[in-house]
Amino acid sequence: MESKLTAHQLNETAQYCFGDEINFLHEVSLYWCDKAVMIGAGPGVMALALLEEQDEEFEFDIIDVNTCHWAKAHLEAAGLLHNKIHFIHADSRIWGEMYDEQPIFFLIIDGDHSYEGVSGDLRAWYPHVEPKGLIFLHDVIDLEQNGTNGVLQAIQDFDQPLELVEKVGISHVYRKPG
């Protein structure tokens, strides 16, 4: 019997996030309800981490301005593709402004890491996060230290209420009050 790809296995090759971030995503996936959105597809490590612990299919939008090819291929290799996963090739800020679907319980922001990019994503998507919903911001800690990461400053300057729930790996998790 052929084994299926896991988030931890993919991360060994892709080196995309820390193991404790994958474990956190496993835990969160057991508790969220109907809808999640991930901005920035990457290789699909975080998508795998969310989906591999699920027993039921749920709505999951993966948005990337570049490509979702690798994430889709890795979800397929893991046997986790289903018809409620939507790969959207678009600017996440524009898509967020046009979004008119059900509220989101879990939002991952891991797209454009510039101050402007993260600020725009927060402004566009915050209204769609349900009360008590979670916002997972990846790469809050700038490991590259090349001056292009504005994630932390964008969070600090954001003018809507957010409660820091947890720091995990290089990510911060916030809850929208409600």
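Above this text sits the structure in question.
What you see is a predicted model, and the numbers here were worked out from it, not measured in a lab.

(A) Representation of unusual backbone geometry. Positive phi is not limited to glycine here, since Q15 has a value of about 45°. Classification of Q15 as exposed rests on a relative accessible area of 65%. In the Ramachandran plot, K132 falls in the positive-phi region, its phi being about 75° despite a non-glycine side chain. Within the fold, K132 resides in strand 5 (residues 129-137).

(B) Spatial organisation of the packing of aromatic side chains. What the rule picks out here adds up to five aromatic pairs. Measuring from centroid to centroid gives 5.9 Å for F58 and F60, while their planes differ by 40°, and the two rings are tilted. Relative accessible area serves as the criterion here: at 0%, F60 is assigned to the buried category. Note on Y126 and F158: the rings are 5.3 Å apart at their centroids and 65° apart in plane angle, and the pair reads as edge-to-face.

(C) Layout of the pairing of strand 5. Summarising the sheet, strand 4 (residues 104-109) and strand 5 pair through five bridges and their orientation is parallel. When the sheet's bridge partners are listed, F106 is paired in strand 5 with L134. Considered for its hand, the β-α-β crossover made up of strand 4, helix 6 (residues 115-125) and strand 5 is right-handed. Of the strand pairs in this sheet, strand 5 and strand 7 (residues 171-175) are connected by four bridges, and their pairing is antiparallel. Each residue of the ladder has a partner; that of L134, found in strand 7, is R175.

(D) Expanded view of helix 4 (residues 69-77). For helix 4, every residue scored as buried is listed here: A71, H74 and L75. Summarising the axial view, the buried residues of helix 4 lie within an arc of 100°, below the 170-degree limit, and thus occupy one face. Considering only its buried residues, helix 4 is in contact with helix 1 (7-14), helix 3 (45-51), strand 2 (59-64) and strand 3 (85-89). Immediately beyond the C-terminal end of helix 4, within one or two residues, lies G79, with a positive phi of roughly 70°.

(E) Focus on the environment of M46. Its place among the elements puts M46 in helix 3. On the accessibility criterion, M46 (1% relative accessible area) is buried. For the pair M46 and A71, spaced 25 residues apart in sequence, the C-alpha separation works out to 9.2 Å. With residues up to four places along the chain from it excluded, the contact list for M46 reads Y16, C17, L25, M38, I108, D110, F136 and H138.

(F) Fine view of the packing of helix 1 against helix 2 (residues 19-29). Packing of helix 1 against helix 2 brings their axes to within 11 Å, and their N-to-C directions diverge by 150°. With respect to each other, helix 1 and helix 2 are oriented roughly antiparallel. Along this stretch, helix 1 crosses helix 2, giving a crossing that reads as right-handed. Listed contacts from helix 2 to A7, H8 and N11 of helix 1 are G19, I22, N23 and H26. Here the residues of the contact of helix 1 with helix 2 are counted per class, giving two nonpolar, five polar and no charged.

Conventions adopted
- Residues numbered from 1 in each chain as written.
- Predicted model: local features only at pLDDT ≥ 70, side-chain atom pairs only at ≥ 80, totals over all residues.
- Heavy atoms only, no water.
- Buried < 20%, exposed > 50% of the residue type's maximum accessible area, 1.4 Å probe, protein only.
- Helix = DSSP H or I, 4+ residues; strand = E, 2+ residues; numbered from the N terminus.
- Phe/Tyr/Trp six-rings, centres within 6.5 Å; stacked < 30°, edge-to-face > 60°.
- Pairing = 2+ DSSP bridges.
- Right-handed = clockwise from strand over helix to strand, strands pointing away.
- Arc of directions from axis to C-beta.
- Contact = heavy atoms within 4.5 Å.
- Axes fitted to C-alpha atoms, helices over the stretch in contact; angles between N-to-C directions.
- Parallel < 35°, antiparallel > 145°, perpendicular 65-115°, else oblique.
- Left-handed = near helix turned anticlockwise from the far one by under 90°.
- Nonpolar A, V, L, I, M, F, W, Y, C, P; charged D, E, K, R; others polar.

Geometric values such as these leave the question of function open.
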